[in-house]
Amino acid sequence: MRRSNVLTLLLATTLSMAVALTGCGGNNSGNSNTSSNAGNGGTKNNGDNGKGTTDNTAAGTDNAGAKSDIDLSKHVNLTMYLIGSPARDYDMVLAELNKKLEKDLNATLKVNWVGWADYGTQYPLLLASGEPIDLIYASTWTNFYQNARKGAFMDIKDLAKTYAPKSLAQITPDFYKQTELDGHLFAMPSEFYQYGDMGYIVRGDLMKKYGLTSINNIDDYGKFMDAVVKNDPQLDPSGDISSSGGLESYYANAQGYYGILSSQFSPFYINMDDANPKIFNLYETDGILDYFKKMKEWGDKGYWSKSILSNKDDKMLTEGKAASKLHNQDSWSGVYMEHPDWDVQFYLNSKYTYKTQAMQDGMAVPASSKNPERALMLLELLRTDRSYNNLLTYGIEGKHYEITSDNKLKPLDLDGFAPDGYCSWGFKAPELRYDVVGTPPNNAEVRQKLADRARENPYALFTPDFEPVKNEMAAVTNVVQQYSFPLNYGYVKNPEEGLKTLVSKVKAAGSEKIMAEMQKQLDAFLAANK
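Residue numbering note: each chain is counted from 1, following its sequence as written. Owing to the predicted nature of the model, reporting of local features is limited to residues with pLDDT of at least 70; listing and counting of side-chain atom pairs is limited to 80 or more, with chain, interface and lining totals taken over all residues. Each side-chain value is derived from all of the structure's non-hydrogen atoms; neither hydrogens nor water enter the calculation.

## Focus on the nonpolar core
By convention a nonpolar core is built from buried Ala, Val, Leu, Ile, Met, Phe, Trp, Tyr and Cys residues, the set being connected through side-chain atoms within 4.5 Å. Burial classes follow relative accessibility: with a 1.4 Å probe on protein chains only, a residue under 20% of its type's maximum area counts as buried, one over 50% as exposed, and anything between as partly exposed. Grouped together as the largest cluster of nonpolar side chains are 72 residues, with contacts concentrated most on I83, L97, L101, L109, I136, F144 and F153. By the convention used here, residues are in contact when the closest approach between their heavy atoms is within 4.5 Å. Setting aside its immediate chain neighbours within four residues, F153 contacts Y123, L127, I136, A138, F144, N147, A148, F186, A364, V365, P366 and A367.

In structure tokens:
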């Protein structure tokens, strides 16, 4: 979720964070996570159950057929890791799912969570620990490609033919090509895309109170936060800004820069206006010092708390503690639905938007899995069986939602389980999704603005091989976390000296070797894809 250009991310809590955090994530490449509250715009395979999905009425028969020749005599306990935090009623919903899973697969599922505040560090540690995990959310903003090349995930190419055949068949050729690495399939991507942006989610009622009409850039956001400090000091101006990695990626994306390596905590970008792109280090560009000076000024003015780096509360806006947050349009929709009286608004930030990549959201089977076959069978159910997908996406029908006469989903208990709010994005199935009652009335207008800024992304299929520079990448990641975070939140008394230190440390960690190797790979990719 930090700079995915992250974080992503698209999204999860009381409805707000829940739907809000839908897709959360990071956004290191100008992309953002997505949910389908936007009315399935940009989805693939819309409404075509012939492509392998089942409705509740058909689920039992269909599932029985799929597993008829597979030995399920031994009961297994499956463990799945997701990003974010669970709904209040998540355990209740999981119990309902386990009743079905016990019957269909002779298995039970336990879900563990990697929190938004910790996922940047905890996620890679989790994969490296060797802890038995059967399914895990995977995305570009959780460094899917790097982790896959390290051997963190199991190649499911052959296993899926037997244990998740419908899901395998759903992957369209372009998404398959984006997910495949060296002939291996290390994840099952969600078959969903849209144009997204990590923008500014602000309370419209406060905008009106302060006489502000729009937020068109990072400085306009500063004006909003300044007004909050002066008029509503009981509110935190920016909320959980740390979970979006601060404003650094916002600054970069507003310049038209693109995080070409799709790697978390990476300062390496290209300029999308450059017809012959050269990879550069953001910390060595004109303007970055002025940006850090601005962050110092804003930190001193109290636009975020002094303890922002240790903040783990990802519900500050929805719980009325904050006046805004940084995230995507789906998060905005979630907050709006929970607090329609706030007239919550979403303002775009990036110069360009792009179609989200295949691995913006997906699920992987870690190499440590003890039950990969049953894990894939569960994933198959989550992706293709409406009754399973509904439970972890919308909760329990009749308690958390109801389906209206025009086939829309009406939330009934946003605090208990908000639609699409709890990292169900990894098994998102467009044809099983509903339009949600109560989404912002200007949703279509925002989607049109996103489309208006859209550009074809010629680098969507570029999946760099970090093996030749893996040590340098790890070292640079550590340096960025140690030295750029304090600059981004104004902790460094002298930003100029702080930037000099950051640049020298990044160079010492091997940035020039990384850029040379990645440029070589990028040039080869472009030559092969003319």
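There is more to say, and it comes next.
## Concerning the sheet that holds strand 8 (residues 199–202)
At least two bridges found by DSSP between two strands is the condition for calling them paired. The helix and strand labels rest on DSSP assignments: H or I over at least four residues marks a helix, E over at least two residues marks a strand, and numbering proceeds from the N terminus. One open sheet holds the 3 strands; their spatial order is 12-8-13, and the pairing between them is antiparallel. Bordering the open sheet on either side are strand 12 (324–327) and strand 13 (345–347), each of which pairs with just one other strand. Within this sheet the neighbouring strands show an average axis-to-axis angle of 25°, counted without direction. Here strand 8 pairs with strand 12 via 4 bridges, running antiparallel. Residue pairing across strands places G199 opposite H327, the latter belonging to strand 12. Angles here are taken between N-to-C directions and fall from 0 to 180 degrees, while the axes themselves are lines fitted to C-alpha atoms, restricted in helices to the stretch in contact. Along the sheet, helix 13 (residues 329–338) contacts strand 8, strand 12 and strand 13; its crossing angle with strand 13, the most-contacted strand, is approximately 165°.

## Here's the deal with the pairing of strand 5 (residues 135–138)
Burial of the side chains of strand 5 extends over both faces: L135 and Y137 are buried on one face and I136 and A138 on the other. Of the strand pairs in this sheet, strand 3 (residues 76–83) and strand 5 are connected by 2 bridges, and their pairing is parallel. Following the sheet pairing, Y81 is matched in strand 5 by I136. Bridge count between strand 5 and strand 15 (residues 362–364): 3 bridges; the pairing is antiparallel. Across the sheet, A138 pairs through a bridge with G362, a residue of strand 15.

## Notes on the sheet that holds strand 6 (residues 188–189)
If you walk across this open sheet you meet the 5 strands as 4-3-5-15-6, and the pairing is mixed. Either end of the sheet is taken by a strand with one partner, and the two such strands are strand 4 (107–114) and strand 6. Helix 3 (residues 90–105) rests against strand 3 and strand 4 of the sheet, and its axis sits at about 145° to strand 4.

## Side note on the side chain of N389
Position of N389 among the secondary structure elements: in helix 15 (residues 386–394). The buried category is assigned to N389, whose relative accessible area is 0%. Once residues lying within four places of it in the same chain are set aside, the contact partners of N389 are L381, L382, Y394, F427, A429 and L432.

## Considering the pattern of salt bridges
The term salt bridge refers to a pairing of a side-chain nitrogen on Lys or Arg with a carboxyl oxygen on Asp or Glu at a separation within 4 Å. Throughout the structure, instances matching the rule amount to 27 salt bridges. Of the charged contacts, one joins D219 and K294 as a salt bridge, the two residues approaching to 2.6 Å between their closest N and O atoms. With D219 in helix 10 (residues 218–231) and K294 in helix 12 (residues 288–300), the pair connects residues that are 75 residues apart, well separated along the chain. Judged by relative accessible area, D219 falls into the partly exposed class, the value being 37%. Between K321 and D313 there is a salt bridge; the shortest N-O distance is 2.9 Å. With a relative accessible area of 38%, K321 lands in the partly exposed category. The structure contains a network of salt bridges with shared partners spanning R88, D89 and D413.

## Describing the confidence of the model for the protein
When pLDDT is low, close inspection of the predicted coordinates is not appropriate. In this model, the protein carries an average pLDDT of 86, and 87% of its residues clear a pLDDT of 70 or more. Known as pLDDT, the predictor's confidence for each residue is given on a scale from 0 to 100. Note on residues 1–52: pLDDT under 50 across the span, and 331 contacts to partners over four residues away in sequence or across chains. For residues 56–66, every residue scores under 50 in pLDDT, and the model assigns this stretch 11 contacts once sequence neighbours within four places are set aside.

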